[in-house]
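Take a look at the letters that make up each chain.
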Amino acid sequence: MTDVRRWIWLGVALLVAVLLYSLHNILTPFLIGILLAYLADPLVDRLERLGLSRTWGVIVVFGLFTLLLLALLLVLVPLLAKQLLRLYELAPQMLDWLEHVALPWVQNRLGLADGFWKFDRIKAAIGSHMGQTTDMVGMLLSHATASGLALMAWLANMVLIPVVGFYLLRDWDLMMAKLRGLLPRQREPQVMGLAGECHEVLGAFVRGQLMVMVALGVIYSAGLMLVGLELGLLIGMLAGLAAIVPYMGFVIGIGAALVAGLFQFGGDLYPMLGIVAVFMVGQALEGMVLTPLLVGDRIGLHPVAVIFAILAGGELFGFTGVLLALPVAAVIMVLLRHVHDLYKESEMYAGGVDPQL
């Protein structure tokens with residue numbers, strides 16, 4: 001009978017996996033809604049303790065999120081758009097600099113043969129692609145309106161995300177209580193213990209690491225703009241996003257900033273030192289202040305595991321998989337810890353010797 005139950009549970013798990021894979025194209029707004037509800041639940045719980053009802057607490061939190069989003073759209077998006085347009089204008093000059101200055105220098109230092117880079121072909125391909133349109137906004141609009149159905153689906157998702165998030169957040173505690181009530185009574189303490197560990201890891205990563213990424217993006221962007229780098233905001237935001245993997249934001253950010261600074265300032269020493277100082281200060285703050293304060297040492301996800309999880313999720317399920325990758329990896333890590341502990345206590349590991357000895 002036990003074997004039959006195991007096969008039934010395995011069949012149910014496979015059925016759920018196939019169903020998720022089949023529906024992954026429409027899961028994105030629901031996953032984002034779940035993420036919003038998970039992130040905002042502690043805020044709503046705090047407002048409830050202050051005397052607000054659950055519904056009014058959700059309304060207040062969504063109102064604050066909406067005001068923050070509008071502020072970002074009104075302030076940040078125009079600045080980023082200007083820098084993207086500036087990057088688009090500078091791209092041909094950067095390609096010329098790369099072709100006539102940077103690559104020949106590397107070629108001479110490494111003793112490579114003439115024509116090793118075949119850069120003429122690369123430049124021609126990039127130039128022909130860029131030459132298809134001189135209006136970036138028009139290019140984006142042409143892609144967006146290429147399929148009216150796709151555009152309508154995108155707009156529907158944008159409307160659906162806050163609706164799903166609102167209702168999930170309002171009923172979050174009720175849903176958690178119902179799920180707990182469905183657990184087998186004899187297994188409830190064990191399952192709740194695992195769920196608590198998963199919650200700790202997910203909370204540390206989702207809330208803490210996202211706050212670290214935002215803080216680093218602000219630090220890098222502000223510092224690079226103070227140095228006078230034209231693309232400072234764009235590079236700073238990119239470095240902040242890349243900080244989802246430890247040290248990747250620093251490597252990508254300082255590399256892009258030094259290249260942009262070398263192109264803009266012509267190798268002038270002081271601006272280049274300023275760029276290096278910005279990233280050194282940001283890295284020091286991340287290691288000594290931001291990560292210990294906001295994340296702590298509870299995640300335990302190795303950087304290689306983070307990279308693999310993101311790439312694997314994107315390959316299997318697209319953008320939906322990217323959203324799922326790290327939470328699933330965190331839960332798997334918690335489960336593997338317990339499997340490891342059980343294995344170390346098992347007779348298979350001890351080989352007939354008391355594992356406690």
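In this text, all values refer to a predicted model and were calculated from it rather than measured experimentally. (Residues numbered from 1 in each chain as written. Predicted model: local features only at pLDDT ≥ 70, side-chain atom pairs only at ≥ 80, totals over all residues. Heavy atoms only, no water.)

A. Examining the overall build of the protein chain more closely. When its secondary structure is counted, the protein chain shows 14 helices and 0 strands. Start at the N end of the protein chain and walk to the C end: the helices and strands fall as α-α-α-α-α-α-α-α-α-α-α-α-α-α. Considering the protein chain as a whole, with its 357 residues, one finds that 28% of them fall into the buried category. In the protein chain, the proportion of contacts linking residues at least 24 apart, taken out of those at least 6 apart, comes to 69%. (Helix = DSSP H or I, 4+ residues; strand = E, 2+ residues; numbered from the N terminus. Buried < 20%, exposed > 50% of the residue type's maximum accessible area, 1.4 Å probe, protein only. Contact = heavy atoms within 4.5 Å.)

B. Highlighting the pattern of salt bridges. Following the criterion strictly, the structure yields 7 salt bridges and no others. Across the pair Asp 41 and Arg 54 runs a salt bridge whose closest N-O atoms are separated by 2.7 Å. A residue pair is termed long-range when its members are at least 10 positions apart, and Asp 41 in helix H2 (residues 24-49) and Arg 54 in helix H3 (residues 54-110) qualify at 13 residues. Of the two residues, Asp 41 and Arg 54, neither departs from the other in class, the shared state being buried. A salt bridge links Asp 171 to Arg 170; the shortest N-O distance between them is 3.3 Å. Judged by its relative accessible area of 26%, Asp 171 falls in the partly exposed class. Under the relative-accessibility criterion, Arg 170 is labelled partly exposed at 32%. Taken together, the shared-partner salt bridges connect Asp 41, Asp 45, Glu 48, Arg 54 and Asp 173 into one network. (Salt bridge = Lys/Arg side-chain N within 4 Å of Asp/Glu carboxyl O.)

C. Just the UniProt feature "transmembrane region" (unreviewed entry) in the protein chain, in detail. As annotated in UniProt, the feature "transmembrane region" (unreviewed entry) corresponds to residues 7-36, 56-81, 149-169, 210-229, 241-263, 269-295 and 307-336 in the numbering used here. Span residues 56-81 is 100% helix and 0% strand, its end C-alpha atoms 36 Å apart. The span residues 210-229 is 90% helical and 0% strand by assignment, and the distance between its end C-alpha atoms comes to 25 Å. (UniProt positions renumbered as here; feature names shortened; annotations may be inferred.)

D. Looking closely at H3. Between the first and last C-alpha of H3 there are merely 66 Å, a value that for 57 residues lags more than 12% behind the 84 Å anticipated at 1.5 Å per step. The principal kink in H3, of about 45°, is found at Leu 90, preceding the proline Pro 92 by one to four residues. (Expected span 1.5 Å × (residues − 1). Bend = angle between axes of the 7 residues up to and from the residue.)

E. A look at the packing of aromatic side chains. The tally for this structure, following the rule as stated, stands at 5 aromatic pairs. Relative to Tyr 167, the ring of Phe 166 has its centre 5.5 Å away and its plane inclined at 90°; by these criteria the two rings are edge-to-face. Taking relative accessible area as the criterion, Tyr 167 reaches 46% and is therefore assigned partly exposed. A network of ring pairs unites the aromatic residues Phe 62, Phe 166 and Tyr 167 as a single cluster. (Phe/Tyr/Trp six-rings, centres within 6.5 Å; stacked < 30°, edge-to-face > 60°.)

F. Broad picture of the side chain of Gln 83. Within the secondary structure, Gln 83 sits in helix H3. The exposure class of Gln 83 is buried, given its relative accessible area of 10%. Polar side-chain contacts of Gln 83 include one of 3.0 Å to the backbone oxygen of Glu 230. Within polar-contact distance, the side chain of Gln 83 engages the backbone nitrogen of Leu 233 at 3.2 Å. Apart from residues lying up to four places away in sequence, Gln 83 is in contact with Glu 230, Leu 231, Gly 232, Leu 233 and Leu 234. (Polar contact = N/O pair within 3.5 Å; in protein donor to acceptor, adjacent residues only side chain to side chain.)

G. Fine view of the side chain of Glu 286. Relative to the helices and strands, Glu 286 resides in helix H11 (residues 269-295). Glu 286 gets classed as buried once you look at its relative accessible area, which sits at 11%. In contact with Glu 286, other than residues within four places in its own chain, are Val 212, Leu 216, Thr 291 and Pro 292.

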